[in-house]
Amino acid sequence: MPGRGTARTHAGIPFGGAVQAEHFDSDPSYRQAFLDHCDLVMPMNELKFSLLRPNRESWNFEPADRLVDFAIANGRLCRGTTHVWYGATPDWITRLESEREIAAALGEHVERVSDRYRGRVTDWDVCNEVIAHDPASEGPLRDTFWLRRLGPRHIPDAFALAARADPSATLTLNDYDLEFRGSRYDLRRATMLSIVRQMQDRNVPVHRVGLQAHLYLEKEIDVEGLARFGAELKALGVGLVVTELDLIDWQIEGGPAEQDAAAERSVSAFLDGLLDAGRPAAVVAWGITDRYSWISDVMPREDGKPERPLPLDRDYRPKPWYETLRRRLATA
Ligand code: XIL
């Protein structure tokens, strides 16, 4: 694994982690863990629309700049998330009156941000989580501010804007719940394929689909379904990238041994499906250490025991599943 300052000369599939500015500043071991383990380092939140431009008058590039600079100065790849996400839409945009003003504000944002990070942030989640949670009953698209005000065309429009602003960037459509077994997941995969096809029919570039891969350990991975999904995308010339890998063990009874055994099973099945159809561009974990994870805040365990969502434990010791993952990425 690359150390400080070394160029990225790995074989295999790059492994990455999402970094948060607040811990980056306060915890030197955290910073070091990205250097010790990651080929790719991406800001977790700092490039989201509402953080970059909290109000119409001011931009807040500094935290994102520091993290992107850290990645690049250390020879790491960097990817960005995200221009269009219902979870990071600034209030000021939602108060704009006309469709024209909203579209212009989005255009200005994509242009300015793409331009600033051109050549450094080389892969963008242009749109995040546009598919309805359950496309059968609510969809196919998620009901968001963007859909309500700009209609379904905000998705191809955002990609076209991003392509124009930085023609060299890789453009990714990112979403969750694309790997499990069951009709809701089948439909989410089918919806993703249909969005990609519609964009291609309009000659709008979409280069990759991002699998968030928040893996609920109690759910079964649909190995064949995932492999088929990857193959169908590949036939369309679209690749896969894993963007937010972590493990949700809130339903797993027992302690670290049981949590890690369930993690090993789930990650192995996920990799079986993922690697079947080809090489994902990268596998990025949503953090690096169990010290800091959104899972503990959003999906805490009922028994109050610590969750084990990330590659390294609270003391920065690698988990067995992470070693399995690195081995498989290295030889893929
Ligand atoms: C989460 C971050 O992990 C949190 O730190 C932040 O407060 C909210 O966003 N799906 C996504 C991510 O696409 O952007 C979310 O990240 C987690 C769910």
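The structure under discussion appears in the preceding block.
Since we're looking at a predicted model, the values are computed, not measured. (Residues numbered from 1 in each chain as written. Predicted model: local features only at pLDDT ≥ 70, side-chain atom pairs only at ≥ 80, totals over all residues. Heavy atoms only, no water.)

S.K.: Looking at this model, I keep getting lost on the site of the ligand. Mind explaining?
M.R.: Taken together, Gln-20, Met-44, Asn-45, Lys-48, Trp-85, Asn-128, Glu-129, Gln-212, His-214, Glu-244, Trp-286 and Trp-294 form the complete shell of residues around the ligand. Within the side chain of Lys-48, a nitrogen or oxygen atom sits 2.8 Å from an oxygen atom of the ligand. Glu-244 is positioned with one of its side-chain polar atoms (N or O) 2.8 Å from an oxygen atom of the ligand. Put simply, the ligand lies in the largest pocket. Here the shell around the ligand is composed, by residue class, of four nonpolar, five polar and three charged. (Near = heavy atom within 4 Å. Polar contact = N/O pair within 3.5 Å; in protein donor to acceptor, adjacent residues only side chain to side chain. 1 Å grid on protein atoms, 1.4 Å probe; cavity = no way out; pocket = protein on both sides within 12 Å on 5 of 7 lines; lining within 4 Å. Sits in = over half its atoms within 2 Å of the grid points. Nonpolar A, V, L, I, M, F, W, Y, C, P; charged D, E, K, R; others polar.)

S.K.: Mind showing me how you'd approach the pattern of salt bridges here?
M.R.: Note on pairing: side chains with opposite charge can pair once their charged atoms come close. Applying the stated criterion to the full structure yields 27 salt bridges. A salt bridge links Arg-208 to Asp-123, with the nearest nitrogen and oxygen atoms 3.3 Å apart. Within this pair, whereas Arg-208 is found in strand β6 (residues 208–211), its partner Asp-123 is found in strand β4 (residues 123–128), the two being separated by 85 residues in sequence. The class for Asp-123 is buried, based on a relative accessible area of 5%. Note that Arg-317 is salt-bridged to Asp-315, the shortest N-O span being 3.6 Å. Among the ionic contacts, a cluster of salt bridges with common partners joins Arg-181, Asp-186, Arg-189, Glu-220, Asp-222 and Glu-224. (Salt bridge = Lys/Arg side-chain N within 4 Å of Asp/Glu carboxyl O. Helix = DSSP H or I, 4+ residues; strand = E, 2+ residues; numbered from the N terminus. Buried < 20%, exposed > 50% of the residue type's maximum accessible area, 1.4 Å probe, protein only.)

S.K.: Is there a simple way to think about the packing of helix α10 (residues 183–201) against helix α11 (residues 223–235) in this case?
M.R.: Between two packed helices, the angle of one axis relative to the other and the distance separating the axes together describe the packing. Between α10 and α11, the shortest axis-to-axis distance is 11 Å and the interhelical angle comes to 5°. Considering their axes alone, α10 and α11 lie roughly parallel with respect to each other. On α11, the residues that touch Arg-189, Met-192, Leu-193 and Val-196 of α10 are Gly-225, Phe-229, Glu-232 and Leu-233. (Axes fitted to C-alpha atoms, helices over the stretch in contact; angles between N-to-C directions. Parallel < 35°, antiparallel > 145°, perpendicular 65-115°, else oblique. Contact = heavy atoms within 4.5 Å.)

S.K.: Can you help me understand the packing of α11 against helix α12 (residues 256–276) in this one?
M.R.: In the contact formed by α11 and α12, the axes pass within 7 Å of each other and the chain directions differ by 25°. With respect to α12, the element α11 is oriented roughly parallel. For α11 against α12, the interelement crossing comes out right-handed. Packed against α11, whose contacting residues are Val-223, Leu-226 and Ala-227, the element α12 presents Ala-269, Phe-270, Asp-272, Gly-273, Leu-274 and Asp-276 at the interface. For the contact of α11 with α12, the per-class residue count stands at six nonpolar, one polar and two charged. (Left-handed = near helix turned anticlockwise from the far one by under 90°.)

S.K.: How should the layout of surface pockets be read in this particular structure?
M.R.: Unoccupied space between atoms shows up once a probe the size of one water molecule is rolled over them. Estimates place the volume of the largest pocket at around 410 Å³. Along the walls of the largest pocket sit 23 residues, with Glu-129, His-214, Glu-244, Trp-286 and Trp-294 positioned nearest its centre. At the level of secondary structure, the elements contributing two or more residues to the lining of the largest pocket comprise β7 (214–216) and α13 (294–298). Looking at the lining of the largest pocket, its residues break down into seven nonpolar, nine polar and seven charged. Computed from the structure, the second largest pocket encloses a volume of approximately 220 Å³. Taken together, Pro-140, Leu-141, Pro-152, Arg-153, Ile-155, Pro-156, Thr-191, Ser-194, Ile-195, Gln-198, Met-199 and Arg-202 make up the full set of residues lining the second largest pocket. When residues of the lining of the second largest pocket are traced back to their parent elements, those giving at least two are α9 (154–165) and α10. (Points joined across faces, edges and corners; volume = space filled by probe spheres on them.)

Purely geometric stuff here, so don't read any function into it on its own.
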